[in-house]
Amino acid sequence: VCTRRKLRVSSPALQQPVEIIVDVKYAVQLYDLHQYDTPNLELYTGDDVHPEEVSHYGTRAMIDALVAIDRAFREAVRNGDLPADTPIIKVNDMSLPWGGSLRIYGDMLIQSKDGSWVTNSHKTHKWGTDVDISYNAMTTSKQRTWFKTEASKHFTTVDIHNKGESQQHWHLDL
């Protein structure tokens, strides 16, 4: 699989930014989650560290798992297992369309408990098999328990990263 990408490079050493066109080859096709009907998943993008509308790509198995969680969420609300006002699931980072590091805007920085800023390079998000889901957006323990149970049906790893911090999130891996 190959895709053509235009990269904009800037540096203090350059008088002005330079645009470079690169053909990128990768082994596995990644699919854009934006293209699927998932009304109970909110795809988070567009702040200073999350690439706008390009960080929600995954393998076919990843997309299928997230679509299944979306449908299960809808069914849980319909059946009364979750209250009707349960917040929808916020999907943070997955992978870029071409895979590779999410560091396309430099290091992704997160604030640690002591207030310092540390690098979060999302090293495992290169292949479209990892996804981060907002933990803090889930407002009840019932929703968190439901989510962990449901996610465990589809993912081999369901962990909480950055515990107790504002960027606390579920990290799921196929």
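Residues numbered from 1 in each chain as written. Predicted model: local features only at pLDDT ≥ 70, side-chain atom pairs only at ≥ 80, totals over all residues. Heavy atoms only, no water.

1. A few points about the nonpolar core
Item 1. In terms of nonpolar packing, the biggest core is built from 27 residues, with Ile89, Val131, Ile133, Trp146, Phe147, Phe155 and Leu172 touching the most fellow members.
Item 2. Taken together, the elements giving at least two residues each to this core come down to strand 4 (41-43), helix 1 (60-79), strand 6 (89-91), strand 9 (130-134), helix 2 (141-152) and strand 11 (169-173).
Item 3. The biggest single contributor to this core is helix 1, with nine residues.
Item 4. With residues near it in sequence (within four places) discarded, Leu172 still touches Thr129, Asp130, Val131, Ile133, Phe147, Ala151, Phe155, Thr157 and Val158. (Core = buried A, V, L, I, M, F, W, Y, C linked by side-chain atoms within 4.5 Å. Buried < 20%, exposed > 50% of the residue type's maximum accessible area, 1.4 Å probe, protein only. Helix = DSSP H or I, 4+ residues; strand = E, 2+ residues; numbered from the N terminus. Contact = heavy atoms within 4.5 Å.)

2. Some thoughts on the packing of aromatic side chains
Item 1. Taken as a whole, this structure holds three aromatic pairs when the rule is applied.
Item 2. With a centroid separation of 5.8 Å and an interplanar angle of 75°, the aromatic rings of Phe73 and Trp146 are classed as edge-to-face. Of this pair, Phe73 sits in helix 1 while Trp146 sits in helix 2, placing them 73 residues apart in sequence. Note on accessibility: Phe73 and Trp146 belong to one class, buried.
Item 3. Between the aromatic rings of Phe147 and Trp170, the centroid separation amounts to 5.5 Å while the plane-to-plane angle is 50°, which identifies the pairing as tilted. One end of the pair, Phe147, is in helix 2; the other, Trp170, is in strand 11, and 23 residues separate them in sequence.
Item 4. Ring pairs connect the aromatic residues Tyr135, Phe147 and Trp170, which therefore count as one cluster.
Item 5. Between the NZ or CZ atom of Arg60 and the centre of the ring of Tyr31, over which it lies, the distance is 4.0 Å. (Phe/Tyr/Trp six-rings, centres within 6.5 Å; stacked < 30°, edge-to-face > 60°. Lys NZ or Arg CZ within 6 Å of the ring centre and 35° of its normal.)

3. With respect to helix 1
Item 1. If you check helix 1, its first and last C-alpha atoms are 28 Å apart, about what 20 residues at 1.5 Å a residue would give, namely 28 Å.
Item 2. Every buried residue of helix 1 is accounted for by Met62, Ile63, Ala65, Leu66, Val67, Ile69, Asp70, Ala72, Phe73 and Ala76.
Item 3. Buried residues along helix 1 sit against strand 3 (31-32), strand 4, strand 5 (57-58), strand 6, strand 9 and helix 2.
Item 4. Looking at the residues trailing helix 1, positive phi occurs at Gly80, about 85°. (Expected span 1.5 Å × (residues − 1).)

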